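Structural features, examined
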Amino acid sequence: MTQLHEPKQDNFFQSWTIYRKIVAANNMFHEQIYADVKQLLQQQTDDFSLLDLGCGDAACLAPVLRDVAINAYTGVDLSAPALALAAENLSALSCPIQLELNDLLSFMQQQQHQYDVIFSSFALHHLSHALKAQFFQAARQSLATHGVLLLIDTFREPNEALPNYLSAYCKWINNDWIGVSAEEKALACQHIIDNDIPETLADTEQLAEQAGFAQCQEISNYRWHKVLLLSN
Ligand SMILES: C[S@@+](CC[C@H](N)C(=O)[O-])C[C@H]1O[C@@H](n2cnc3c(N)ncnc32)[C@H](O)[C@@H]1O
């Protein structure tokens, strides 16, 4: 598939080493978040197909998927090294696996398939406000009738301006993150300052409502990191 959108150049995820260390040290609450995800996916009563947008190496989702009723997995990401790792991490699943090197929005807008679960973890904050609006519209169109959108991302606090968020998040990285060197923390902060555009929860709910989602439920919250469940 071709890319309808030209995503901003970002080399941080082309080498997966630093992000892997961040996740291994649980700096972004992946352990708690993916325990929540497992609980939610185990509540799906029927077999389900899952589209993972910005799947990265799928290292946290792959073990969860071994214990749920998934019947097909599709992962989309812009990082070829991450997708190579995803292929390894997902190899124990018995369902069909499709991995696409593509922009997540281009992928959704070009394909006709409908999924029971659309999942996206820490990728949406890379899109501008206007592209997030397109994301919710495309996600709604790509969902099966009783499908759900499971969204994990960073969110600004109510009334927290973007520069204040960026400076508070980087201060937190420098003071509290473990398992990464000072140089790696500096690279992570630079990546965040250059690329991250998280919304507030209220703005996200508004974008989702405008796209036609009837419900947007906050499942859990770990500092700026939230798990949301959206449905029609
Ligand atoms: C912070 S990592 C998250 C990886 C994994 N989902 C997780 O939760 O650990 C963000 C991922 O989103 C991917 N990404 C960012 N913007 C994207 C876009 N427009 N289209 C597809 N992938 C994107 C990056 O390449 C990276 O693998």
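It should be emphasised that the depicted structure is a prediction, and the values quoted were computed from it without experimental measurement.

Conventions used here
- Residues numbered from 1 in each chain as written.
- Predicted model: local features only at pLDDT ≥ 70, side-chain atom pairs only at ≥ 80, totals over all residues.
- Heavy atoms only, no water.
- Phe/Tyr/Trp six-rings, centres within 6.5 Å; stacked < 30°, edge-to-face > 60°.
- Helix = DSSP H or I, 4+ residues; strand = E, 2+ residues; numbered from the N terminus.
- Expected span 1.5 Å × (residues − 1).
- Buried < 20%, exposed > 50% of the residue type's maximum accessible area, 1.4 Å probe, protein only.
- Arc of directions from axis to C-beta.
- Contact = heavy atoms within 4.5 Å.
- Salt bridge = Lys/Arg side-chain N within 4 Å of Asp/Glu carboxyl O.
- UniProt positions renumbered as here; feature names shortened; annotations may be inferred.
- Near = heavy atom within 4 Å.
- Polar contact = N/O pair within 3.5 Å; in protein donor to acceptor, adjacent residues only side chain to side chain.
- Areas by Shrake-Rupley, 256 points an atom, 1.4 Å probe, with all protein chains shown as cover.
- Nonpolar A, V, L, I, M, F, W, Y, C, P; charged D, E, K, R; others polar.
- Pairing = 2+ DSSP bridges.
- Axes fitted to C-alpha atoms, helices over the stretch in contact; angles between N-to-C directions.
- Core = buried A, V, L, I, M, F, W, Y, C linked by side-chain atoms within 4.5 Å.

Turning to the packing of aromatic side chains, a few remarks are in order. Two descriptors summarise a pair of aromatic rings, namely the distance from one centre to the other and the angle between the planes of the rings. Scanning the entire structure with this criterion turns up 13 aromatic pairs. Between F135 and F136 the ring centres are 5.3 Å apart and the planes differ by 85 degrees, which places this aromatic pair in the edge-to-face class. Clustering of aromatic rings is evident, with ring pairs tying together F29, Y165, Y169, W172, W177, Y222 and W224.

This part is about helix α8 (residues 182-195). Compared with the 20 Å implied by 1.5 Å per residue over 14 residues, the 20 Å span of α8 between its first and last C-alpha is a close match. Inspection of α8 places E184, K185, A188, C189, H191, I192 and N195 among the buried residues, and these make up the whole buried set. Across the axial projection of α8, the buried residues extend over an arc of 160 degrees, all falling on one side. Away from its buried face, by an angle of more than 90 degrees, α8 presents the exposed residues A182 and E183. Among the structural elements, α1 (17-24) and α7 (162-176) are those in contact with the buried residues of α8.

One pass over the structure, following the stated rule, counts four salt bridges. When the shortest N-O distance is used, the salt bridge between K38 and D67 registers 2.9 Å. Of this pair, K38 sits in helix α2 (residues 30-42) while D67 sits in the loop between α3 (61-65) and β2 (70-77), and the two are 29 residues apart along the sequence. Overall, the relative accessible area of 28% leaves K38 in the partly exposed class. Among the salt bridges present, the one from E218 reaches K226, with a minimum N-O distance of 3.3 Å.

A few words now on the UniProt feature "domain: Methyltransferase" (unreviewed entry) in the protein. When the UniProt feature table is mapped onto this chain numbering, "domain: Methyltransferase" (unreviewed entry) sits at residues 51-147. As annotated, residues 51-147 has a helix share of 36% and a strand share of 29%, and its two end C-alpha atoms lie 11 Å apart.

Looking now at the site of the ligand. Taken together, the neighbourhood of the ligand is formed by 18 residues, with Y19, G54, D77, D103 and S121 sitting nearest. One of the side-chain N or O atoms of Y19 is found 2.8 Å from an oxygen atom in the ligand. At 3.3 Å from an oxygen atom of the ligand is found a side-chain nitrogen or oxygen belonging to Y34. Contact with the protein chains covers 94% of the free accessible surface of the ligand, which is 590 Å². In terms of residue class, the shell around the ligand is made up of nine nonpolar, seven polar and two charged.

The subject of this paragraph is the sheet that holds strand β7 (residues 225-231). Here seven strands make up an open sheet; going across it, the order is β3-β2-β1-β4-β5-β7-β6 and the pairing mixed. Of all strands in the sheet, those bounded by a partner on one side alone are β3 (97-101) and β6 (215-222). Here the average twist between neighbouring strands, direction ignored, is 15 degrees. Here seven bridges tie β6 to β7, and the two strands are oriented antiparallel to one another. Residue pairing across strands places S220 opposite V227, the latter belonging to β7.

What follows is about the nonpolar core. Grouped together as the largest cluster of nonpolar side chains are 53 residues, with contacts concentrated most on V37, L41, L50, L61, L65 and Y73. If one sorts the elements of this core by residue count, α7 sits on top with six residues. Those residues in contact with L50, other than ones at most four positions away along the chain, are L41, L61, L65, I70, A72, Y73, T74, Y115, V117 and F119. Membership of the second largest hydrophobic core comes to 27 residues, among which are F107, F136, L201 and F213.

Position of N26 among the secondary structure elements: in the loop between α1 and α2. Judged by its relative accessible area of 16%, N26 falls in the buried class. Not counting residues up to four positions away in its chain, the partners in contact with N26 are E31 and Q32.

For α2, which comprises 13 residues, the first-to-last C-alpha distance of 18 Å matches the rise-based estimate of 18 Å (1.5 Å per residue) to within 8%. The set of residues buried in α2 consists of H30, I33, Y34, D36, V37, L40 and L41. The buried residues of α2 occupy an angular sector of 150 degrees when the element is viewed end-on, so they sit on one face. In α2, the exposed residues that point more than 90 degrees away from the buried face are E31 and Q39.

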